[in-house]
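Residue-level listing of the chains:
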Amino acid sequence: MSTSTATTLLLARHGQTVWHAENRYAGVSDVALTDTGRAQAEALGRWAAAHPVDAVWTSPLSRAVVTAEPACRALGLTPHREPDLRECDFGVVEGRTLAQFAAEDPEAAQAFRADPVAHPFPGAENPAAAALRGAAALRRIAAAHPGQRVLVVAHNTLFRLVLCTLLSIPTGEYRRVFPRLRNAAISELLVRSDGSAALVSLNVPCEPGLP
């Protein structure tokens, strides 16, 4: 199929937060950016100013909204907020590390490591459902901007689940296939009018030397 009307989605994980610096799961908790995270957001803004971007969409969580602000300012664009781009709810592990959870419940932690979709954390959102809502959101965004380039700022786990879904990779493999999306790095995804997708690039720093 021709890619002439395909949409280029420029996926960017939000900047670093205090919890992420400590390797804690943030999920749906609203956690502020660190100074490093704010610097990453400014770098993303400079990248957006130097590259064609027609629209900006974000998760409703403040860490994503704040990360997108410099890009919106540079481009003179008003960001669109999409509730279905929110991060997964990690249940009992919100605000904690996997190591802390493993110390309390080693069997559950091992099951999560083996297949995080079949064995999510207690009280967590169903990862398969999160993957579907996120994929549907990206397809809606692509359909709203045919042939354009759209910056989408959201979250590490949601993006990895969605990439698996759109690329026909088993979602239970998301931690192995996509170990981590770097803060404020760009992953380019081509979404065609039929909803199919192709990954063009992954984890490209928006500035050399960016942490």
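In this report, the structure presented in the accompanying data block is examined.

Let's talk about the overall build of the protein chain
Across its full length, the protein chain carries eight helices and six strands. When the elements of the protein chain are put in sequence order from the N terminus, they spell out β-α-α-β-α-β-α-α-α-β-α-α-β-β. Computed over its C-alpha atoms, the radius of gyration of the protein chain comes to 17 Å, within 12% of the 17 Å expected for a compact globule of 211 residues. In terms of overall dimensions, the protein chain has C-alpha extents of about 50 × 40 × 30 Å along its principal axes. Here the protein chain holds 211 residues, and the buried ones make up 49% of them. Summarising the internal contacts of the protein chain: among those between residues at least 6 apart in sequence, 70% fall at separations of at least 24.

Comments concerning the packing of helix α6 (residues 127–144) against helix α7 (residues 156–166)
Interhelical geometry of α6 versus α7 gives an angle of 75° and a closest axis separation of 8 Å. Relative to α7, the element α6 is oriented roughly perpendicular. Judged by residue contacts, Pro127, Ala130, Ala131, Arg133, Gly134, Ala135, Leu138 and Arg139 of α6 engage Leu158, Leu161, Val162, Thr165 and Leu166 from α7. Taken together, the residues that form the contact of α6 with α7 break down as nine nonpolar, two polar and two charged.

Section: the environment of Ala99
With respect to the helices and strands, Ala99 occurs in helix α4 (residues 98–104). The exposure class of Ala99 is exposed, given its relative accessible area of 54%. The spatial distance from the C-alpha of Ala99 to the C-alpha of Arg24 is 9.5 Å, given a sequence separation of 75 residues.

The rules behind each value
- Residues numbered from 1 in each chain as written.
- Predicted model: local features only at pLDDT ≥ 70, side-chain atom pairs only at ≥ 80, totals over all residues.
- Heavy atoms only, no water.
- Helix = DSSP H or I, 4+ residues; strand = E, 2+ residues; numbered from the N terminus.
- Rg over C-alpha atoms; globule rule 2.2 N^0.38 Å.
- Buried < 20%, exposed > 50% of the residue type's maximum accessible area, 1.4 Å probe, protein only.
- Contact = heavy atoms within 4.5 Å.
- Axes fitted to C-alpha atoms, helices over the stretch in contact; angles between N-to-C directions.
- Parallel < 35°, antiparallel > 145°, perpendicular 65-115°, else oblique.
- Nonpolar A, V, L, I, M, F, W, Y, C, P; charged D, E, K, R; others polar.

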